[in-house]
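Inside the fold
Here is how the chains run, residue by residue.
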Amino acid sequence: MTPIEATAARIASRIAGHPVSVSCEGVPRFRLTDGADALGLVHTLVDVDTGTYAATATVIELTSQVCGPLQRFAQAAQKPTRCLDSQRQTNVPCFLGTPVARGSGTPAVCWDTGCYSVVASRHSYWSAYSRYSLAILVLAHEAIHTQQAVVGRPRPGPELVETQADCSGMQWMRWVAEQLGASTNDAQTIANFFWRVQYPRAASVHTSRPYWSADCRPGGKLDIRSADATAWP
Ligand SMILES: [Zn+2]
């Protein structure tokens, strides 16, 4: 077991509520049609007569596209999601996340989901940032699948199994990033980035099991935060 597999297993076990191991040797051959996610896999066994899980899921397989960024993020003393604010001469979260109008003069980066204020505006930088954010989400998403798959429990319906994994996973991102060494405000920022930039894209992914849901919003059916929570996601 590599150090990142051990760290990821500890994180996933906490989310699952039971011991889970993580393998970073997942082969990138997963196809959505196989009942697997594109970047990770949890084998589950469902009793077809009762629709309940026949076994508790204890193994998560991740591809190198997930483990690579997770490992780099965990090892970095200076997290790659923080940038130098040259005016204040201090490191701050790179994604400020305030929606801005195109051409307003504020440093911003535009995605298909909108333009947001940022500290660093190089495009290559944001490709890397997206990979860190997605890797953290995928670990949390697969961990939610192991949380779902407890022997004897009903399997969520096809419209819920992935929307729940993605939305609950997103709400765990902040905690996962902190476990990998991110500061509190940076961890929140990484989750904000996923919510603003990456999550809306799931709406256009059409598979037999949807990933995006309108119920995934503050106060929505897929909001799993405690009643006193203020930050979203
Ligand atoms: Zn999934």
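Numbering of residues starts from 1 in every chain and runs along the sequence as written. Only residues with pLDDT of at least 70 get local features here, since the model is predicted, and only at 80 or more are side-chain atom pairs given and counted; chain-wide, interface and lining totals rely on the full set of residues. Side-chain calculation: all heavy atoms of the structure are included, whereas hydrogens and water are not.

A covalent bond bridging the sulfur atoms of two cysteines is what the word disulfide describes. We call a pair of cysteine sulfur atoms a disulfide whenever their separation is within 2.5 Å. In this structure the tally under the stated criterion is four disulfides. Cys 83 shares a disulfide with Cys 94; S-S distance 2.0 Å. Its S-S torsion of about 105° marks the bond between Cys 83 and Cys 94 as right-handed, since a negative value means left-handed. Of this pair, Cys 83 sits in strand β6 (residues 82–85) while Cys 94 sits in the loop between β7 (90–93) and β8 (95–99), placing them 11 residues apart in sequence. Both residues of the pair, Cys 83 and Cys 94, belong to the buried class. Put simply, Cys 167 and Cys 216 are joined by a disulfide, and their sulfur atoms are 2.0 Å apart. When the S-S torsion is 90°, as for the bridge of Cys 167 with Cys 216, the disulfide is right-handed. You can see Cys 167 sitting in helix α4 (residues 161–179) and its partner Cys 216 sitting in the segment after α5 (184–198), a full 49 residues away along the chain. For Cys 167, a relative accessible area of 0% corresponds to the buried category. Cysteines bonded in the protein are numbered consecutively along the chain; their disulfide partners then correspond to 1-2, 3-4, 5-6, 7-8. A run of H or I in DSSP becomes a helix once it reaches four residues, and a run of E becomes a strand once it reaches two; helices and strands are each numbered from the N terminus. Three exposure classes are used, based on accessible area relative to the maximum for each residue type with a 1.4 Å probe and protein chains only: buried under 20%, partly exposed in between, and exposed over 50%.

Listed as protein donors to the zinc ion are Asp 37 (OD), Asp 37 (OD), His 141 (NE2), His 145 (NE2) and Glu 162 (OE); their distances from the metal cover 2.0 to 2.4 Å. The donor set covers N, O and S atoms within 2.8 Å of the metal, switching to 3.2 Å for Na, K and Ca, and it leaves out water, so a site may look short of donors. Sequence spacing among the residues donating to the zinc ion works out to D-x103-H-x3-H-x16-E. With His 141 and His 145 both in helix α3 (residues 123–148) and four residues apart, this pair spans about one turn of that helix. Assigned by exposure class, His 141 and His 145 land together as buried.

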